[in-house]
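Single-letter residue listing:
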Amino acid sequence: MKKIVAFLVVLGILVGCKKELVKTPNHLIEKDKMINIMYDLSLLEAMKVQSPTLLDSFKLNSNQYIFKKYKIDSLQFAQNNLYYAADYKEYQKMFEQIKARLDKNKSQIDSLIKVQKKKEALQAKAKKKLKLKREADSIRKVKLNLKFKKETDSIKKTRVLKSKISADSLKKIKKKTKVL
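As the structure is a computational prediction, the values presented were derived from the model and not from experiment.

### Re the overall build of the protein chain
Per the secondary structure count, the protein chain includes six helices and zero strands. The 180 residues of the protein chain split such that 18% are buried. Contacts spanning at least 24 positions in sequence make up 80% of the contacts within the protein chain whose residues lie at least 6 apart. Carbon and sulfur atoms make up 61% of the accessible area of the protein chain, which amounts to about 15200 Å² in all.

Written out as structure tokens, the structure reads:
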């Protein structure tokens, strides 16, 4: 984007210093369409700067993509850019519109990122809560199993004790009956 802006500024200065006015191109691109083209070029240039491998992975030539999207060629774009740059004040207004549009989109994206981060934080919190609940449930299950084992062990012990007591009492009775 810096390259494009620098190119356009230098081009604007050169054109602004000439005494002749630039001729209207044969295929004049409307001002709004030209603003859209320059906006898209700015976005693609920013993408190149932020993550150069992104556009390479799509094997996309940004200028060719824009020319194809707006059904123009590089010569037509250059002539129209020169024509619009000849009127410095209008050209500056076009860049201000592009900047305002970029700022608007940036604020929208920032708010979407905040919402996404908040959503991810809530999901992480819910996941952590579920994990803690599972751990608590597993601890409770282990405790219940231990309690059940203790109860079954105590029941077995009482049965064994009862059987021993009954066996002892039977022995005593047998001894008494033998003695009598």
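### Description of the packing of aromatic side chains
The tally for this structure, following the rule as stated, stands at three aromatic pairs. Between the aromatic rings of Y83 and Y84, the centroid separation amounts to 5.4 Å while the plane-to-plane angle is 70°, which identifies the pairing as edge-to-face. Taking the relative accessible area as the measure of exposure, Y83 reaches 26% and is therefore partly exposed. Judged by centre distance (5.1 Å) and plane angle (80°), the rings of Y91 and F95 are edge-to-face. Of this pair, Y91 and F95 both sit in helix α6 (residues 88-179), four residues apart, which is roughly one turn of that helix. The buried category is assigned to Y91, whose relative accessible area is 5%. For R101, the ring lying beneath its charged end belongs to Y39, and the centroid distance is 3.8 Å.

### Quick look at the pattern of salt bridges
Taken as a whole and assessed by the stated rule, the structure comprises five salt bridges. The closest approach of N and O atoms between K31 and E90, which form a salt bridge, is 2.4 Å. Note that K31 is positioned in helix α2 (residues 31-50) and E90 in helix α6, a separation of 59 residues in sequence. A salt bridge links K99 to D103; the shortest N-O distance between them is 3.1 Å. Here K99 and its partner D103 are both found in helix α6, four residues apart, which amounts to about one turn of the helix. Taking the relative accessible area as the measure of exposure, D103 reaches 40% and is therefore partly exposed.

### Re helix α5 (residues 74-86)
If you check α5, its first and last C-alpha atoms are 18 Å apart, about what 13 residues at 1.5 Å a residue would give, namely 18 Å. Where α5 is concerned, the buried positions are Q76, F77, N80, N81, Y84 and A85. What you see down the axis of α5 is that its buried residues fit within an arc of 160°, all on one side.

### Observations concerning the confidence of the model for the protein chain
When the pLDDT values of the protein chain are averaged, the result is 79; 68% of them are 70 or greater. Looking at the elements of the protein chain, mean pLDDT is at its lowest for helix α1 (residues 2-17), recorded as 66, and at its highest for α5, recorded as 90.

### Here we look at the nonpolar core
If you look at the biggest cluster of nonpolar residues, it comprises 19 residues, and the most contacted ones within it are M34, I37, I72, F77 and M94. Top element by residues in this core is α2. It accounts for seven residues.

### So, unusual backbone geometry
For K71, which is not glycine, the phi torsion reads 55° and is therefore positive. With respect to the helices and strands, the residue K71 is situated in the loop between α4 (62-69) and α5.

### With respect to the packing of α2 against α5
Following both chains from N to C, one finds α2 and α5 inclined at 110°, their axes separated by 12 Å at the closest point. Accordingly, the angle class assigned to the pair α2 and α5 is roughly perpendicular. Every residue of α5 that contacts α2 at K31, M34, I37, M38 and L41 is listed here: F77, N80, N81 and Y84. Residues of the contact of α2 with α5, tallied by class, amount to six nonpolar, two polar and one charged.

### With respect to the side chain of D40
Tracing the backbone through its elements, the reader meets D40 in helix α2. Residues in contact with D40, not counting those within four places in the same chain, are I66, K69 and Y70.

Criteria and cut-off values
Residues numbered from 1 in each chain as written. Predicted model: local features only at pLDDT ≥ 70, side-chain atom pairs only at ≥ 80, totals over all residues. Heavy atoms only, no water. Helix = DSSP H or I, 4+ residues; strand = E, 2+ residues; numbered from the N terminus. Buried < 20%, exposed > 50% of the residue type's maximum accessible area, 1.4 Å probe, protein only. Contact = heavy atoms within 4.5 Å. Areas by Shrake-Rupley, 256 points an atom, 1.4 Å probe, with all protein chains shown as cover. Phe/Tyr/Trp six-rings, centres within 6.5 Å; stacked < 30°, edge-to-face > 60°. Lys NZ or Arg CZ within 6 Å of the ring centre and 35° of its normal. Salt bridge = Lys/Arg side-chain N within 4 Å of Asp/Glu carboxyl O. Expected span 1.5 Å × (residues − 1). Arc of directions from axis to C-beta. pLDDT = per-residue confidence, 0-100. Core = buried A, V, L, I, M, F, W, Y, C linked by side-chain atoms within 4.5 Å. Axes fitted to C-alpha atoms, helices over the stretch in contact; angles between N-to-C directions. Parallel < 35°, antiparallel > 145°, perpendicular 65-115°, else oblique. Nonpolar A, V, L, I, M, F, W, Y, C, P; charged D, E, K, R; others polar.

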